[in-house]
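Architecture and fold: a report
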Amino acid sequence: MSIEVSHVSYTYMPGTPLSRQALDDVSAVIPEGSVTAVAGHTGSGKSTFIQHLNGLLKPYTGKVFVDGTDLGDRSKKGKRALVQARRKVGMVFQYPEQQLFEETVAKDIAFGPRSLGLGESEIDERVKRAMDAVGLAYDEFADKPPFRLSGGQMRRVAIAGVLALEPAYLVLDEPTAGLDPRSREELLQQMMRLHRKQHTAIIFVSHHMDDILRLADTMLLFRDGKIAAKGAPREVFMQTELLKECGLRPPRIMELSSELCRAGYLSQMVYTEKELVDVLGRRLRDAR
Amino acid sequence: MQEPLIVMQDVSHVFQADDGVGKAALSHVDLTVKRGEFVTVLGRNGSGKSTLARHCNALLLPTSGHCVVAGMDTREEKDLWKIRSHVGMVFQNPDNQLVAAVVEDDVAFGPENLGVPPQEIRSRVHESLEAVGMEHFRHCAPHLLSGGQKQRVAIAGALAMQTECLVLDEPTAMLDPQGRAEVLRTVCRLHEERGLTVVYITHFMEEATVADRIVVMDQGQICRAGTPKEIFGDVKSMDELGLSVPLAARVAFDLRRKGVKLPAGILTDTDLVQALEGYHVH
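Residues numbered from 1 in each chain as written. Chains lettered and ligands numbered in written order. Predicted model: local features only at pLDDT ≥ 70, side-chain atom pairs only at ≥ 80, totals over all residues. Heavy atoms only, no water.

Residues and elements named next belong to chain B. Helix length check: helix α4 (residues 118-131) (14 residues) gives 20 Å between terminal C-alpha atoms against 20 Å at 1.5 Å per residue, within 8%. Within α4 the residues assigned to the buried category are I121, R124, V125, S128, L129 and A131. Along the long axis of α4, the arc covered by the buried residues comes to 150°, so they all point the same way. Opposite its buried face, α4 presents the exposed residues Q119 and R122, each directed more than 90 degrees away. (Helix = DSSP H or I, 4+ residues; strand = E, 2+ residues; numbered from the N terminus. Expected span 1.5 Å × (residues − 1). Buried < 20%, exposed > 50% of the residue type's maximum accessible area, 1.4 Å probe, protein only. Arc of directions from axis to C-beta.)

Next up, the structure:
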């Protein structure tokens, strides 16, 4: 099972003077249960790409399959399968807290499952599970108006609203933008816990290369509407020239690590803070 | 001795909620920003950073206490426009603060409203766009610019008002790494070359290392203040406050705990490499 993007091109406002090609023959496979990061600078095609994953945008040419179902199948027969397939892919936009609208946190989160036509007890269960997944205590927050919460809490309510649909693939567009360091870390940990526990595939857009390095198993690097590189983050981030062309820099830990290699304090690259401190600590102690 | 640009004395600000219960976003804050100083404000979401920033040019007024900008109390309504021409604001969302259909019109918007003569407006617009490196885009439509470029146009808009202080409220939060670097570089250059006073709010700890002084906020109060070296030297406090420190400072902290002797004040990769120079590894 996977999301398969096959030779997708997309142009905004085709046939007008403002026409702009945002995706150009992009192909990628996102397996179930994987963690995929999407990187690239503004206008490189990241957001256009992720909006294809659940059929919010329809490819100009090319196809997108979710667990084998063609999202472009408009036939009457295919319609049911299409709705099912799109529901498997949950989408969390940038600053999702701006989309909260209900009177209470629980009602807001229940909106999605209710429109799926589920029974009340199932809805309640899902709201509880979703709140638990984002670390919001049900007893404390369920009846609060969402607009009284802090920015970080509101964002978690919005994400819970998508989780309540219990998607197999969760797509997040810069989920930590504007959050303080602790809220960022908590949100990322919750995202990864969901991945471990429910086996939810995570696809996230990020400008934080260090997060991509430590969390993703695969990264897709976009440039000018094309995928310029894909693979394990460690390998993609080693291509420093390509990164520069894409307007990005390597993760901080890799920058520091290569600086220490150059100065002779490390004999090979390390990729985590812990490893860096362990290796460096050992060598420096021995040196004394 | 020059008088400081911004003086806040015992400033509290209470937001009145619909249910009548007040919430203190700032409580008893004392802060002085000197002319030409670069002050970075750190703190968690909801700690009062933005409320503090909005007091700097009278977008918000203290519920109690005094805020004096360039010698004028922000409560004096007659001085409002003078205060705002001393202190310009740049907000987080680059799409919310540009008003015109063409870049140069946007930059001209402020001075036009002050009734500045057209010839002078033209030279101010030219000069401001040049200062932020956006002169080539003067005829461009703002919506076609990248986020970093839009923020630089917003900064130019403030410069065209001949502001002596820029208050930036998370100007890089919505930008990609390149845009982030562009904005920070521009602000630093304006600070160094023109002595612009800067109050810079951010969640990026690495951006804070360029400041003369860091002010840390927690629950509406200033809980710590000091140079970047002082603030980021205390890794434990920053973690407890829900904040962080630059990578090199954290690595240095962890190495010291492992018994490696390192000097204080390590903030950058270069600092760390230099500090290791006494060690010979094999």
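Here we take up the layout of surface pockets. In this structure, the second largest pocket spans a volume of roughly 1,700 Å³. Lining the second largest pocket are 50 residues, with L149, S150 and G151 of chain A together with N45 and G46 of chain B sitting closest to its centre. Looking at the lining of the second largest pocket, the elements that each hand over two or more residues are α6 (151-163) and α7 (181-198) of chain A together with β1 (6-16), β2 (22-33) and α1 (49-55) of chain B. With six residues, α6 of chain A is the single largest residue contributor to the lining of the second largest pocket. Grouping the constituent residues of the lining of the second largest pocket by class yields 16 nonpolar, 20 polar and 14 charged. (1 Å grid on protein atoms, 1.4 Å probe; cavity = no way out; pocket = protein on both sides within 12 Å on 5 of 7 lines; lining within 4 Å. Points joined across faces, edges and corners; volume = space filled by probe spheres on them. Nonpolar A, V, L, I, M, F, W, Y, C, P; charged D, E, K, R; others polar.)

Further remarks concern the domain arrangement of chain A. All names here are of chain A. One can read the domain layout of chain A as domain 1 (2-236) and domain 2 (251-288). One C-alpha centre belongs to domain 1, the other to domain 2; they are set 35 Å apart. Summed over both partners, the interface of domain 1 with domain 2 buries about 480 Å², with 66% contributed by carbon and sulfur atoms. Considering only the surface of domain 1 that becomes buried against domain 2, D210, L213 and R234 emerge as the three largest contributors, covering 87% of it. The tally of links from domain 1 across to domain 2 stands at zero salt bridges. At the junction of domain 1 and domain 2, the tally comes to two residue pairs in polar contact (both at pLDDT 80 or more). It is helix α8 (residues 209-215) that provides the largest number of residues to the side of domain 1 that touches domain 2, a total of three residues. Residue composition of the side of domain 1 that touches domain 2, grouped by class: two nonpolar, no polar and two charged. (Domains from an automatic or database assignment. Buried area = accessible area lost by both parts, 1.4 Å probe. Salt bridge = Lys/Arg side-chain N within 4 Å of Asp/Glu carboxyl O. Polar contact = N/O pair within 3.5 Å; in protein donor to acceptor, adjacent residues only side chain to side chain.)

Moving on, we come to empty space enclosed by the protein. Residues and elements named next belong to chain A. Under the definition given, this model contains one cavity of 30 Å³ or more. Lining the largest cavity are A133, V134, I159, L163, L170, L172, P175, L187, Q190, M191 and L194. Listing elements by their share of the lining of the largest cavity, those giving two or more residues are α6, β7 (169-173) and α7. A total of four residues in the lining of the largest cavity trace back to one element, the largest contributor, which is α7.

Further remarks concern the confidence of the model for chain B. Averaged over all residues, the pLDDT of chain B is 92; the fraction at 70 or higher stands at 98%. Interface confidence for the predicted complex, given as ipTM, is 0.87, next to a pTM of 0.91. (pLDDT = per-residue confidence, 0-100.)

Residue and element names in this part refer to chain A. If you walk across this open sheet you meet the six strands as β6-β7-β8-β3-β9-β10, and the pairing is mixed. The open sheet has two edge strands with one neighbour each: β6 (89-92) and β10 (226-231). Direction aside, the axes of adjacent strands within the sheet are offset by 15° on average. Along the sheet face, α6 touches β6 and β7 and points at about 165° away from the line of β6. (Pairing = 2+ DSSP bridges. Axes fitted to C-alpha atoms, helices over the stretch in contact; angles between N-to-C directions. Contact = heavy atoms within 4.5 Å.)

What follows concerns the interface of chain B and chain A. Contacts between chain B and chain A engage 43 residues on the former and 37 residues on the latter. Both faces combined, the contact of chain B with chain A buries some 3,600 Å², and carbon together with sulfur accounts for 58% of it. Taken together, chain B and chain A are joined by five salt bridges. Between E273 of chain A and R250 of chain B there is a salt bridge whose closest N-O contact spans 4.0 Å. Our count for the chain B to chain A interface comes out at 14 residue pairs in polar contact (both at pLDDT 80 or more). Looking at the side of chain B that touches chain A, the elements with two or more residues in it are α6 (177-194), α7 (205-208), α9 (235-240), α10 (247-257) and α11 (269-275) of chain B. When residues in the side of chain B that touches chain A are grouped by element, the largest group, five residues, is from α10 of chain B. Within the side of chain B that touches chain A, the residues separate by chemical class into 18 nonpolar, 10 polar and 15 charged.

Time to look at the packing of aromatic side chains. Evaluated as defined, the whole model comprises four aromatic pairs over all chains. A ring pair is formed by F101 of chain A and F111 of chain A, whose centres lie 5.1 Å apart and whose planes are at 90°; its orientation type is edge-to-face. Here the residue F101 of chain A occupies a position in the loop between β6 and α3 (105-115), and F111 of chain A occupies one in helix α3, the gap between them amounting to 10 residues. By relative accessible area, which is 46% here, F101 of chain A ends up partly exposed. Where F38 of chain B meets Y200 of chain B, the ring centres are 6.1 Å apart and the plane angle is 40°; that geometry is what we call tilted. One end of the pair, F38 of chain B, is in strand β3 (residues 38-43); the other, Y200 of chain B, is in strand β8 (residues 197-201), and 162 residues separate them in sequence. The pair F38 of chain B / Y200 of chain B is uniform in exposure class, with both members buried. (Phe/Tyr/Trp six-rings, centres within 6.5 Å; stacked < 30°, edge-to-face > 60°.)

Looking now at a positive patch on the surface. Together, K58, R74, K76, K79 and R86 of chain A make up a positively charged patch on the protein surface. Mapped onto the elements, K58 of chain A comes out in the loop between α1 (46-52) and β4 (61-66). (Patch = residues over 30% accessible without salt bridge, like charges linked within 9 Å, V, L, I, M, F, W, Y side chains within 5 Å. Areas by Shrake-Rupley, 256 points an atom, 1.4 Å probe, with all protein chains shown as cover. Lys, Arg positive; Asp, Glu negative; His and termini not counted. Charge placed at Lys NZ, Arg CZ, Asp CG, Glu CD.)

We now examine the side chain of T176 of chain A. Residues and elements named next belong to chain A. Residue position: T176 is located in the loop between β7 and α7. Since its relative accessible area comes to 7%, T176 is described here as buried. For T176, the side chain forms a polar contact with the side chain of R184, separated by 2.8 Å. Beyond its immediate chain neighbours, meaning those up to four positions away, T176 contacts R155, R184, L187, L188 and H208.

Before going further, it helps to spend a moment on unusual backbone geometry. One non-glycine residue, Y95 of chain A, lies in positive phi territory at about 45°. Looking at where Y95 of chain A falls in the secondary structure, it is placed in the loop between β6 and α3. Located in the positive-phi region is D10 of chain B, a residue other than glycine, with phi close to 55°. Positionally, D10 of chain B belongs in strand β1.

Below, the discussion takes up the sheet that holds strand β1 (residues 2-12) of chain A. All names here are of chain A. Read from one edge of the open sheet, four strands run β2-β1-β4-β5, paired in antiparallel fashion. What marks the edges here is a single partner per strand, and that holds for β2 (20-31) and β5 (69-70). Here β4 runs beside β5; their pairing, made up of two bridges, is antiparallel. Looking across to β5, one finds that V66 is bridged to T69.

Residues and elements named next belong to chain B. Within helix α3 (residues 103-113), burial applies to V103, E104, D106, V107, A108, G110 and P111. As for α3, its buried residues are in contact with α4 and α5 (147-159). Backbone geometry just after α3 places G115 at a positive phi near 75°.

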